[in-house]
Structures are given as C-alpha cells and as structure tokens.
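Next come the chains, spelled out residue by residue.
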Amino acid sequence: MNVPLTLLGLLDREPSHGYDLKRDYDTFFGHDKPLPFGQVYATLGRLARDGKVVVGEMETGAGPERKQYVITEQGATEVEAWLTEPVAPEPHLQTVLFSKVVLSLLLGRDAEAYLDVQRAAHLQRMRELTEVRRTSGLVDALLADHGLFRLEADLRWIDLTVARLDALAAEVRS
Amino acid sequence: MIGPGPGPGPGQAPALEARGVELSFGPTPALRGADLTVAPGEMLAIMGPSGSGKSTLLHCLAGILVPDRGEVLVDGRRTDLLDETERSALRRDRFGFVFQFGQLVPELTAEENVALPLLLGGTRRAQALETARGWFARLELDGLERRRSGELSGGQAQRVALARGMVARPAVLFADEPTGALDSLTGERVMDLLTAAAREQGTTVVVVTHEARVAAYADREVIVRDGKVTSLGPVASTTTSPGQVQR
C-alpha cells in the first residue's frame, strides 16, 4: 500500500482535514489496518515539504485548530501518473491494484483503461516466465510456475473487477 | 485505446485481417465492428469474457462463418466474398483447426484421424498415413497410432487433434480453447508442443482462450468485449531483467 499517494489521491477529490482523510482512508483502504493519526500527519507534513500539498486556511472554533490540506498541481500530476501506470507484476500486489481501482472510481477516472494496461503488463511478465519455464531447468521452472500462478490470480481478479466496475463505481460514490 | 495490432512489416500483407466485421445471430449481435490484423508467423491470443464474440471472430477469420458486414482477408485477399465451395477449399488447403474437445472421428484410428486432412486434400492413403505417423513421435504419442478416440486420454486425444491440425502444414492454425478440457499440467504440455510445432513450421496461430496461462504462450493478445477488439500490447517489460526469476 502506498500511503502518501493514496492520501494525495483522496485530496485530489477535494481539500480535506487530517481527521477526515484518516476516516476516508480507513473506510476504503484500512479495514484490516487503520491508519494511525501520527502517520497521517507525518505523511501530510512530508507531502507539504515536497510541494505536493499546501496548508490552507486554519479553522478555529470550540475544538482544536484544524488545518485544511489542498493538493497542488504537482501533487495532482503525480496522482494522475500513478493511477494510469501499471504496477510491476510481482506477488502480493492486491492492495495496490485495489487502491488504484477504488481511487480511480472515486475521482471519476477511467478505471477500465488502467486495468487494461495492468493486464497487459501482467501478461507480458507471464510471457517472460513462460519462456523461463520452456528454456530453464526444473528448479527455475518451479519458481516461474509460482510466479505464473500468482499473476494468474491477479488477472482473474482484474477480469472480475472489470465486469463489476459499474456497480463498484456506484457503491464507492454513494 | 491502442489500435488493432502491430500488423505486418512494410510491404508484407497480413496473414489475416478483419475490417469492421459485424455478425448477428438472429436479433443478437455477436460482432459489432471487429478490427484485427495478424502478421505472418505471429501467434495471437484472443481473450475475452464468455459470450463476448471471441469464438465468432475466430470462425469469421477461418471462413467458417461469413460476416453480415465488413471484410475478412487472408494474405491480402477477400475471403468473405467466396462461395461455400471456395471457402471449404480454403479451410482444407490453408488452415488447420484444434477445438476444445479434440473432435476426433470415433470410427477412425488415431493415425487415420491425423491423416484425414491429407486424404481430403488428395494425398494417396499410404503416403498420408506415413506422414501422419511422423507426428506421433513428435507429439509424444508413440504406440497409440492404432487406437480409437475412445481409447485415448483427454491429453492424448488433444495431441492427436493437434497433429491433425498441423499435418498438412497449414499457413494458419486456429485453436479454440485447445486446453479447455485438460488439467493444467496436460494443458501446458499441449501448449508447449503446439508452440514448438508452429514455430518450427512458421505457422501463424490464432488461439482463442480465457486462460491467461495459455495466452502467455502467444506473442500478443487482444481482448474481445461486446463484439469489438481491444489490443493491449505489446508493452514494455516492467521488470528490470526480462526472464529473470526472483528467488
């Protein structure tokens, strides 16, 4: 899971406070592992330092002061690039693929186009591993098989997700 | 969206081409303007969900079905304008076929099944059977020449079907879910043999599959969705070292 880019993606939807960002993050991406407040503010601090967000108007009221964070053009460009680039096909990708799809739908972007690009990257890697199976000894072939089965599992998930994109979009935007 | 495919090199006619192919079964549209180009010697995988039109596209490319609209070309020549007799000759002389369930003729022995395309093409029986037998060792089928399809395992029957598809040295081999009825180990062996035989003979291959592991044998894949073709690749490798296996 890429926490900085995911928070940046949530800010690309609308300016937000740290508390609301944590709540949205936990709703969509943090079912098993809620994001600690400390990590939220530390991440926002780094994003501000790197020019990807700016701190907006300070709100004062009965409670503690609340800073509003606003994404910059640099930050928005980075989110756009991240959401359209395929992830290097390796094991244990499901959280990254998942967060890219959900964020794309939240932001009204073309999640199907991203999934097509990701599918092509996965199949390219599967082609390479198939060639390894064909030309290598049994030990490397066994390792290639392991990679092939994992990538195949991702691809099945991609197929199923493409088939459900409309319903998924309706759910995350509701 | 990327175009219909890389296609052939300069001055080289595509082995196969579909241009705006449309076909309906009664009121139900199966293909809605499918475009596709396959280069000579290329191995292409056609993927897509059930009912997307991928098998219908293969049948149009192979001259089994005739589109309602659009064009199908083989080596740059229209085949959708041919009559049934001409298309039948085209299939017999230029194409080989492998289907999901082998579809061997049960009354014939395995070697007679393999020899069938040669016999239909006018080769003398003794010569046809001798050529057919040459494929048995090649596809690890030694000793099974005289068996009938009911006496073969699924994997053996599918390799006999592959031999039958390749025996007449077709320009194009069409394979529709060739491993769909096999377990993964047997299916991979069939794909290994199919790929090796096709590469050796320079055969163009079009394989319809819903299995990514089968598609990974191909040079390129396209997806059929709602009767249209989406081309995905080729893409640059996203790994640092192609072919490297991470330990």
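Since we're looking at a predicted model, the values are computed, not measured.

Here we look at the overall build of chain B
Tallying secondary structure elements over chain B gives seven helices and 10 strands in all. Expressed as a percentage of its 247 residues, the buried residues of chain B come to 52%. Roughly 10900 Å² of accessible area belongs to chain B as shown, and the carbon and sulfur atoms make up 50% of that amount.

Overview of the domain arrangement of chain A
All names here are of chain A. Once the domains are mapped, chain A shows domain 1 (3-84) and domain 2 (96-173). Computed over C-alpha atoms only, the centres of domain 1 and domain 2 are separated by 27 Å. Tallying the contact residues gives 13 residues for domain 1 and 13 residues for domain 2. Summing both partners gives a buried area of about 1200 Å² for domain 1 against domain 2, and 71% of it is carried by carbon and sulfur. Three residues stand out in domain 1 for area buried against domain 2, namely F28, W82 and L83, and they jointly supply 49% of the buried area on that side.

Brief notes about the packing of aromatic side chains
All names here are of chain A. The final tally for this structure, using the stated rule, is nine aromatic pairs over all chains. Each ring, one from F28 and one from F29, has its centre 6.0 Å from the other, and the planes form 50 degrees; the classification is tilted. The burial state of F28 is the same as that of F29; both residues are buried. Where F37 meets Y41, the ring centres are 6.4 Å apart and the plane angle is 15 degrees; that geometry is what we call stacked.

Some thoughts on the sheet that holds strand β6 (residues 95-98) of chain B
All names here are of chain B. Here we have six strands laid out as an open sheet, ordered β6-β7-β8-β3-β9-β10, and mixed in their pairing. Looking at the sheet topology across the chains shown, the edges are occupied by β6 and β10 (228-231). For this sheet the average axis-to-axis angle between neighbouring strands, irrespective of direction, equals 20 degrees. Pairing analysis gives four bridges linking β6 to strand β7 (residues 172-176), with the strands arranged parallel. Note that in β7 the partner of G96 across the bridge is L173.

A look at the nonpolar core
With 88 residues, the main nonpolar core has L10 and M126 of chain A together with M43, L162 and L194 of chain B as its most contacted residues. Broken down by element, the residue count for this core peaks at eight residues, all from helix α6 (residues 111-135) of chain A. Of the domains in this structure, domain 1 (3-84) and domain 2 (96-173) of chain A are the two that each give at least three residues to this core. Apart from the residues lying within four places of it in its own chain, the contact partners of L194 of chain B are M43, L162, L173, A175 and V205 of chain B. Core analysis: the second largest hydrophobic core is formed by 27 residues, V21, L31, V38 and V172 of chain B among them.

Notes on the sheet that holds strand β1 (residues 16-25) of chain B
All names here are of chain B. Read from one edge of the open sheet, four strands run β2-β1-β4-β5, paired in antiparallel fashion. The sheet is open, and its two edges are formed by β2 (28-38) and β5 (77-78), each paired on a single side. Across two bridges, strand β4 (residues 69-74) lies against β5 in antiparallel orientation. Bridging from a neighbouring strand, V74 pairs with R77 of β5. Along the sheet, helix α1 (residues 54-61) makes contact with β1, β2 and β4, crossing β1 at roughly 120 degrees.

With respect to the pattern of salt bridges
All names here are of chain B. Under the counting rule described, the total for this entry stands at 36 salt bridges over all chains. The closest approach of N and O atoms between D75 and R94, which form a salt bridge, is 2.8 Å. Taken together, the positions of D75 in the loop between β4 and β5 and R94 in helix α2 (residues 84-94) put the pair 19 residues apart, joining distant regions of the chain. Note that R92 and D93 form a salt bridge whose closest N and O atoms lie 3.0 Å from each other. Among the residues examined, R92 registers a relative accessible area of 39% and is labelled partly exposed.

A word on the pairing of β10 of chain B
Residue and element names in this part refer to chain B. Where strand β9 (residues 220-225) lies against β10, four bridges are found, and the strand directions are antiparallel. Along β10, the bridge assignment pairs R225 with K228. Hairpin connection of β9 to β10: two residues between the antiparallel strands, including D226 at a positive phi of 50 degrees.

What counts, and at which threshold
Residues numbered from 1 in each chain as written. Chains lettered and ligands numbered in written order. Predicted model: local features only at pLDDT ≥ 70, side-chain atom pairs only at ≥ 80, totals over all residues. Heavy atoms only, no water. Helix = DSSP H or I, 4+ residues; strand = E, 2+ residues; numbered from the N terminus. Buried < 20%, exposed > 50% of the residue type's maximum accessible area, 1.4 Å probe, protein only. Areas by Shrake-Rupley, 256 points an atom, 1.4 Å probe, with all protein chains shown as cover. Domains from an automatic or database assignment. Contact = heavy atoms within 4.5 Å. Buried area = accessible area lost by both parts, 1.4 Å probe. Phe/Tyr/Trp six-rings, centres within 6.5 Å; stacked < 30°, edge-to-face > 60°. Pairing = 2+ DSSP bridges. Axes fitted to C-alpha atoms, helices over the stretch in contact; angles between N-to-C directions. Core = buried A, V, L, I, M, F, W, Y, C linked by side-chain atoms within 4.5 Å. Salt bridge = Lys/Arg side-chain N within 4 Å of Asp/Glu carboxyl O.

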